[in-house]
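These are the residues of each chain, in order.
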Amino acid sequence: MRAIRLEQVTGNDAALKAALTDAHLPTDDIEDHGRTFFKALSSDGRIVGFSGVERCGDDHLLRSVVVLPDHRGQRLGGVLVEQTLASLDRSGDVFLATMSAAAFFARIGFSEVQRDSVPAAVLATRQLSSICPSSATIMRLIRPPT
């Protein structure tokens, strides 16, 4: 199963909160303004994961990417990220912060960047300014030339 479709959900969605909590991902700011979350559904309508993005000026912060335990190992994470990124306009860059998934994100086109090279609007998010520890790996999507 690799076909999924995304449906937008709000930050107060109980299944989103439960999935993030179970995956040890932060939920402190998911109800704040400016975040967009998606649930990923299989072809038979089952929830297989979640993702989110936060607009940061011209850039975006990819966040809250989780595949539910029963659906891991099916290469859905890459599909989920790909479809989430397809929902964004192509202006600006896409960043993320991770404590444990840098290798996964590197395989799908992200590259580690130094904190001092990250735009101020991205650094000002609650995610990067107070929720994620300073030891988190920050990555930027490397897009092919258009």
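The structure reproduced in this document is the subject of the present report. (Residues numbered from 1 in each chain as written. Predicted model: local features only at pLDDT ≥ 70, side-chain atom pairs only at ≥ 80, totals over all residues. Heavy atoms only, no water.)

Our focus in this paragraph is helix 1 (residues 14-22). Of the positions making up helix 1, those classed as buried are Leu-16, Ala-19 and Leu-20. End-on view of helix 1: buried residues confined to an arc of 95 degrees, all on one side of the axis. Across helix 1 from its buried face, at more than 90 degrees, point the exposed residues Ala-14 and Asp-22. In this structure, the buried side of helix 1 is in contact with strand 1 (4-9), strand 2 (35-42), strand 3 (47-56) and strand 4 (59-67). Looking at where helix 1 begins, the residue whose side-chain oxygen comes 3.1 Å from the main-chain nitrogen of Ala-15 is Asp-13. Where helix 1 ends, the next residue or the one after it, His-24, has phi of about 60 degrees, a positive value. (Buried < 20%, exposed > 50% of the residue type's maximum accessible area, 1.4 Å probe, protein only. Helix = DSSP H or I, 4+ residues; strand = E, 2+ residues; numbered from the N terminus. Arc of directions from axis to C-beta. Contact = heavy atoms within 4.5 Å. Polar contact = N/O pair within 3.5 Å; in protein donor to acceptor, adjacent residues only side chain to side chain.)

Before going further, it helps to spend a moment on the pairing of strand 3. Counting buried positions over the 10 residues of strand 3 gives 8, a clear majority of the element. In terms of strand pairing, strand 2 meets strand 3 through 7 bridges, oriented antiparallel. Opposite Thr-36, over in strand 3, you have Val-53 as the bridge partner. As consecutive antiparallel partners, strand 2 and strand 3 are separated by 4 residues, and within that stretch Gly-45 has a phi angle of approximately 90 degrees, a positive value. Pairing analysis gives 7 bridges linking strand 3 to strand 4, with the strands arranged antiparallel. Across the sheet, the residue bridging to Arg-55 is His-60, located in strand 4. Hairpin connection, strand 3 to strand 4: the antiparallel pair is bridged by 2 residues, and Gly-57 has positive phi, about 65 degrees. (Pairing = 2+ DSSP bridges.)

Time to look at the sheet that holds strand 4. Hydrogen bonds between backbone atoms are what pair the strands of a sheet, whose relative direction is either parallel or antiparallel. Taken in spatial order, the 7 strands make up an open sheet running 1-2-3-4-5-7-6, and their pairing is mixed. Only two strands of the sheet have a single neighbouring strand rather than two, namely strand 1 and strand 6 (110-113). Across this sheet, the average inter-strand angle for adjacent strands is 30 degrees, counted without regard to direction. In this structure, strand 5 (residues 94-98) lies alongside strand 7 (residues 137-141), joined through 4 bridges in antiparallel fashion. (Axes fitted to C-alpha atoms, helices over the stretch in contact; angles between N-to-C directions.)

This part takes up unusual backbone geometry. You will see that Ser-64, though not glycine, has its phi angle at about 60 degrees, which is positive. Looking at the secondary structure, you find Ser-64 in strand 4. For Ser-64, a relative accessible area of 10% gives the class buried. With a phi angle near 65 degrees, Arg-75 is a residue other than glycine that sits in the positive phi range. Within the fold, Arg-75 resides in the loop between strand 4 and helix 2 (76-86).

Scanning the entire structure with this criterion turns up 2 aromatic pairs. For the ring pair Phe-105 and Phe-110, a centre distance of 5.7 Å and an interplane angle of 80 degrees mean the geometry is edge-to-face. Both residues of the pair, Phe-105 and Phe-110, belong to the buried class. Put simply, the rings of Phe-104, Phe-105 and Phe-110 touch in pairs and so form one group of aromatic residues. (Phe/Tyr/Trp six-rings, centres within 6.5 Å; stacked < 30°, edge-to-face > 60°.)

Looking now at the side chain of Ser-42. Tracing the backbone through its elements, the reader meets Ser-42 in strand 2. A relative accessible area of 1% means that Ser-42 is categorised as buried. Of the polar contacts made by the side chain of Ser-42, one reaches the side chain of Asp-44; its length is 2.2 Å.

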